[in-house]
Every structure is written in structure tokens, then in C-alpha cells.
Amino acid sequence: MKNILAPSILAADFSILGEQINTVQQAGAGWLHIDVMDGAFVPNLSLGLPVVSSIRKRTDIFFDVHLMIEEPIRYIRDFAMAGADGITFHVEAASHPAKTIEEIRRCGKRVGISLKPATPLEVIFPYLDRVDLVLVMTVEPGFGAQAIKTETLEKVKELRRRAQVTGRELDIEVDGGIKRETIGDALAAGANVFVAGSAVFKDDIAANVKELCGLIS
Ligand code: DX5
Ligand code: ZN
């Protein structure tokens, strides 16, 4: 499996967002992680469609859109049109996860399903063979710069074990508290897509990306 660093623009400087995206792409980031929050599913607001369509004009990097919104099915087509490449929704937020998956497929995008730290892994088992990616939240969704909840890596281990048994190339993504001190544990647990916000968008951004990429290569 290919290991991918996905910087989260939640921690970027939005006044120079385009520049910072070019910097992370040139330094070796494979995907760009885009956190969308609605102030209802999570107690915070972030960014939405206009930002996605604006940055789409400036870069060809893979847009990994993480929807932290209630009833995400309502906005799948809009995010697809705005330029998402992969769309991940929360199983807790969707009253019809199977229909939500179908809608993402109909839009021709890669499908991701996510779960919060307290949600048991079994909740997503019925959908596993229909998704390309599972996003295991390693912190409570809503805010950047929190410490990783290390017990969530048990879910990553179990998922990778299951994927291997069935011979599947499932992308397993970790999000929250990923930095130089923790990325190795997530890698060892079986993750292959690593979101990092606050660990990337500070000081020397290119150096941060190169260091984190080095730790997963
Ligand atoms: C949290 C978001 C994360 C966040 C990660 O709800 O889903 O993507 O930006 O931030 P760090 O890497 O700072 O923990
Ligand atoms: Zn995220």
C-alpha cells in the first residue's frame, strides 16, 4: 500500500492558503485534507464549498474532503462539483450510510467512511466492502491540535487485519494528533494515510512535510 501524508488545511494560514498548498504539494504531500464542519455534528465551523472550488483552480493535488456534517448526503454532489476527489462522511451523522455511499459513487468519487473515537468499529462493518477508505478519528472531531487518543489505534490494527484477511487494498486513514512523535505508532498499527494539521502548518512547512513523509516512507 502507498503511504500518504495528507496535510489538513484547518491549520493553514487562510490569508495565503494557495501558497501554502503549493508548498506542501512540492514538499511531497500526496493528498490535501479538507475539514468541513457544520457547527451541529461538531461544535465548530470551518470552511465550505467556496473555499474548495477556489483552491481547486490552483492545484491538481488529490482533495480528501472530510465532512463533519449532519446528513452529509445533502451536500455530496455539491462537494463533488466543487472539486473533491475523495469524500469521507461520518457514520454517526448519516441516517442512511448505504445511500450516502451510493451517492458518492454516483458522483464518481472515492468513498470514505469515518467514525469517532467512542464509536465501536462494528458499526462500519456492514459497509466495509463498499468503501475505499476508512478514516479512524484519533481525536474527537471538531478541533485541531489535540493529543492523540492512543487506544483508537486498536481500531486501525483490527481494520488492517480484516483487510489483509480478505486481501483488500483498503486505505486506512488516521486523523488527529499525528506528528513526528506519534506517526510511527499509527504506521505500525496499519494506517497508510496520515492527516496532520498543526504539525505541518507551523515554522518551516516544507521541512515539516519532508520530515513526516520520511517517517512513513
Ligand atoms: C479534527 C480534524 C482534523 C484536524 C487535525 O476534527 O478532522 O483533520 O485538522 O489536526 P491536528 O493534526 O492538528 O491534530
Ligand atoms: Zn479531518
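Caption draft 1: Representation of the overall build of the protein. Regarding its fold elements, the protein presents seven helices and eight strands. Taken over C-alpha atoms, the radius of gyration comes to 16 Å for the protein, in line with the 17 Å a tight globule of 217 residues would show. With the C-alpha coordinates of the protein rotated into their principal frame, the extents come out at 40 × 35 × 30 Å. Evaluated residue by residue, the protein yields a buried proportion of 54% over its 217 residues. For the protein, the exposed area adds up to about 9,400 Å²; of that, 51% sits on carbon and sulfur atoms. Averaging the coordinates of the 24 positive side-chain charges in the protein and doing the same for the 29 negative ones gives two points 4 Å apart.

Caption draft 2: Summary view of the coordination of the zinc ion (ligand 2). Protein coordination at the zinc ion (ligand 2) comes from His33 (NE2), Asp35 (OD), His66 (ND1) and Asp175 (OD), with a distance range of 2.0 to 2.3 Å. Here the zinc ion (ligand 2) is ringed by six donor atoms whose angles at the metal span 68 to 169°, and the overall shape comes out octahedral. For His66, a relative accessible area of 0% corresponds to the buried category.

Caption draft 3: Looking closely at the sheet that holds strand S7 (residues 171-175). Pairing is parallel across the open sheet formed by eight strands, whose spatial order is S1-S8-S7-S6-S5-S4-S3-S2. This sheet does not close on itself; its edge strands, each paired only once, are strand S1 (4-7) and strand S2 (31-37). Within this sheet the neighbouring strands show an average axis-to-axis angle of 25°, counted without direction. Looking at chain direction, S2 and strand S3 (residues 62-68) are connected through seven bridges and run parallel. Within S3, the position partnered with Asp35 by the bridge is His66. Packing against the sheet, helix H5 (residues 153-165) makes contact with strand S5 (110-115), strand S6 (133-137) and S7, and its axis sits at approximately 175° to S7.

Reading the values: rules and limits
- Residues numbered from 1 in each chain as written.
- Chains lettered and ligands numbered in written order.
- Predicted model: local features only at pLDDT ≥ 70, side-chain atom pairs only at ≥ 80, totals over all residues.
- Heavy atoms only, no water.
- Helix = DSSP H or I, 4+ residues; strand = E, 2+ residues; numbered from the N terminus.
- Rg over C-alpha atoms; globule rule 2.2 N^0.38 Å.
- Buried < 20%, exposed > 50% of the residue type's maximum accessible area, 1.4 Å probe, protein only.
- Areas by Shrake-Rupley, 256 points an atom, 1.4 Å probe, with all protein chains shown as cover.
- Lys, Arg positive; Asp, Glu negative; His and termini not counted.
- Charge placed at Lys NZ, Arg CZ, Asp CG, Glu CD.
- Donors = N, O, S within 2.8 Å, 3.2 Å for Na, K, Ca; no water.
- Tetrahedral: all angles 85-135°; square planar, octahedral: opposite > 155°, others 65-115°.
- Pairing = 2+ DSSP bridges.
- Axes fitted to C-alpha atoms, helices over the stretch in contact; angles between N-to-C directions.
- Contact = heavy atoms within 4.5 Å.

Coordinates in, geometry out; function isn't part of it.
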